[in-house]
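Architecture and fold: a report
One-letter residues, chain by chain:
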Amino acid sequence: MDAAAEEIARAVVRRLEDAWNAGDGEAFGEPFAEDADFVDFRGTHHRGRQAIAAGHRGIFESVYRGSRIAYEVQQARSLREGVILVHSTAALSAPAGPLAGEHRATQSLVLVSDGAAWQIASFHNTLVAPLPRPGTPPATQP
């Protein structure tokens, strides 16, 4: 990994993790650019920092209330001056509700610098399907 890109990526991802674990939708939205794109694990596309913050505020007050997340940067590399591509993983633990349990996901992020700070321009979250138990048939695809 590019050491400078990795350091920047870890700092940005740490902010997301801290905000998630505090259940703070506004803080979760702060690292995003004003016109950021966010694709959640269901494939819904949210546009703009305010929409991203509001969406997270909503899930922190409902299905992910009390949940904990741990992000880990897997790869970070500069694509060009002021642009970093990041791949990370997440381990989520939801204590109750319809999404209770342990979940894993992989994210692709594009970070951009405005000269003063690094912001997330794009975040794509993909849920990792659990492996089938030994002896069970694989799930069919829709």
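The structure displayed is predicted, hence computed values, not measured ones. (Residues numbered from 1 in each chain as written. Predicted model: local features only at pLDDT ≥ 70, side-chain atom pairs only at ≥ 80, totals over all residues. Heavy atoms only, no water.)

1. A short note on the pairing of strand β6 (residues 118–128)
As a reminder of what qualifies: Pairing between two strands requires that DSSP report at least two bridges joining them. Helix and strand labels come from DSSP, where a helix needs a run of H or I of at least four residues and a strand needs a run of E of at least two; each type is numbered from the N terminus.
Relative to β6, strand β1 (residues 32–39) runs parallel, the two sharing 4 bridges. Residue F32 lies in a different strand from β6, and its bridge partner there is I120. The pairing of strand β5 (residues 101–113) with β6 spans 10 bridges and is classified as antiparallel. Pairing of V112 across the sheet is with Q119, part of β6. Following β5, the chain reverses through 4 residues before pairing antiparallel with β6; G115 in that reversal takes a positive phi of roughly 100°.

2. Quick notes on the environment of P98
For the record, the criterion: Exposure categories follow from relative accessible area, calculated using a 1.4 Å probe and restricted to protein chains: below 20% of the type maximum is buried, above 50% is exposed, and the middle band is partly exposed.
Turning to its location among the elements, P98 is positioned in the loop between β4 (83–94) and β5. Assessed through its relative accessible area of 71%, P98 is described here as exposed.

3. Observations concerning the layout of surface pockets
With a probe scaled to a water molecule rolled over the atoms, the places where space remains empty come into view. So the rule is basically this: Lining residues are defined by having an atom within 4 Å of a point belonging to a cavity or pocket. Those points lie on a 1 Å grid over the protein atoms alone, cavities being sets where a 1.4 Å probe fits but cannot get out and pockets being open sets with protein on both sides within 12 Å along at least five of seven lines. Grid points are joined across faces, edges and corners, and a volume is the space filled by probe spheres set on the points. Residues are sorted three ways: Asp, Glu, Lys and Arg are charged, Ala, Val, Leu, Ile, Met, Phe, Trp, Tyr, Cys and Pro are nonpolar, and all the rest, Gly among them, are polar.
Here the largest pocket defines a volume of roughly 410 Å³. Of all the secondary structure elements, the ones that give two or more residues to the lining of the largest pocket are α3 (49–60), β3 (68–80), β4, β5 and β6. When residues of the lining of the largest pocket are assigned to their parent elements, the largest contribution, 5 residues, is made by α3. When the residues that make up the lining of the largest pocket are grouped by side-chain class, the tally is 17 nonpolar, 6 polar and 3 charged.

4. A word on the side chain of R49
Short version of the rule: In this description, contact between two residues means that some pair of their heavy atoms is separated by no more than 4.5 Å.
Following the sequence through the fold, R49 ends up in helix α3. With near-sequence residues (within four places) excluded, R49 lies in contact with G29, E30, F32, A33, E34 and Q119.

5. Brief notes about α3
Spelled out, the test is: Multiply 1.5 Å by the residue count of a helix minus one, and that product is the helix's expected span. What the arc covers is the set of directions going from the helix axis to the C-beta atoms.
If you check α3, its first and last C-alpha atoms are 16 Å apart, about what 12 residues at 1.5 Å a residue would give, namely 16 Å. All of the buried residues along α3 are R49, I52, A53, H56 and F60. Take α3 and look down its axis: the buried residues cluster within an arc of 95°, on one side only.

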